[in-house]
Structure formats: structure tokens, C-alpha cells
Amino acid sequence: MAVLARMRRLWERARAARRLSGDRGMSTAEYAMGTLAAVALAAVLYKVVNSGPVGAELQQLIERALRAPF
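This structure is a prediction, so every number in the text was calculated from the model and none was measured. (Residues numbered from 1 in each chain as written. Predicted model: local features only at pLDDT ≥ 70, side-chain atom pairs only at ≥ 80, totals over all residues. Heavy atoms only, no water.)

### A look at the pattern of salt bridges
Part 1 of the reasoning: Scanning the entire structure with this criterion turns up 1 salt bridge.
Part 2 of the reasoning: A salt bridge links R15 to E12; the shortest N-O distance between them is 3.6 Å. Of this pair, R15 and E12 both sit in helix α1 (residues 2-20), separated by 3 residues, roughly a single helical turn.
Part 3 of the reasoning: Here E12 falls in the partly exposed class, since its relative accessible area comes to 36%. (Salt bridge = Lys/Arg side-chain N within 4 Å of Asp/Glu carboxyl O. Helix = DSSP H or I, 4+ residues; strand = E, 2+ residues; numbered from the N terminus. Buried < 20%, exposed > 50% of the residue type's maximum accessible area, 1.4 Å probe, protein only.)

### Details of the confidence of the model for the protein
Part 1 of the reasoning: Across the protein, the average pLDDT comes to 85, with 90% of residues at or above 70.
Part 2 of the reasoning: When pLDDT is averaged over each element of the protein, helix α2 (residues 28-49) comes out on top at 91 and α1 at the bottom at 82. (pLDDT = per-residue confidence, 0-100.)

### Structural notes on a nonpolar patch on the surface
Part 1 of the reasoning: Residues V44, V48, V49, L58 and L61 make up a contiguous nonpolar surface patch of about 390 Å² in total accessible area.
Part 2 of the reasoning: Breaking the nonpolar patch down by element, the ones donating at least two residues are α2 and α3 (52-67).
Part 3 of the reasoning: Assignment of secondary structure puts V49 in helix α2.
Part 4 of the reasoning: By relative accessible area, which is 39% here, V49 ends up partly exposed. (Patch = residues over 30% accessible without salt bridge, like charges linked within 9 Å, V, L, I, M, F, W, Y side chains within 5 Å. Areas by Shrake-Rupley, 256 points an atom, 1.4 Å probe, with all protein chains shown as cover.)

### Some thoughts on the environment of N50
Part 1 of the reasoning: Turning to its location among the elements, N50 is positioned in the loop between α2 and α3.
Part 2 of the reasoning: When the C-alpha positions of N50 and F70 are compared, they lie 30 Å apart, and in sequence the two are 20 residues distant.

Written out as C-alpha cells, the structure is:
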């Protein structure tokens, strides 16, 4: 019972802190910048993975993994 009461107090403190803070999450501009950064990173990773040397290394890695004894 003491654990339940302690968790309830902790939950109430967290809710009160959330109510007192004026920040309710990211704004639209922050979402846009986050999305733009994620897309840029994805584009860079796509170019790297599809480049010749990296693609060949990944292919060899997958082939070795599939031939590994169990």
C-alpha cells in the first residue's frame, strides 16, 4: 500500500509540474525543422549506402551472414 501511495504522490507532482510549465511540446516550426533534418539525414544515408564501395561491402556482409553455420 505504501508503494501505491508513493507512486500516486509522484504522479501528482509530475502532473502539477506539467501544468505549471508553459511548454506543451514542440511548435509547428520545430516539427518542420526536425522533419527537415530527418529527411536530410535519410538522403545522406541513402547516398552512402547506394554508393559502389559501401553497397559491395554490405552485399558481402549479408552473404557471409547467410552462409554462417548455426
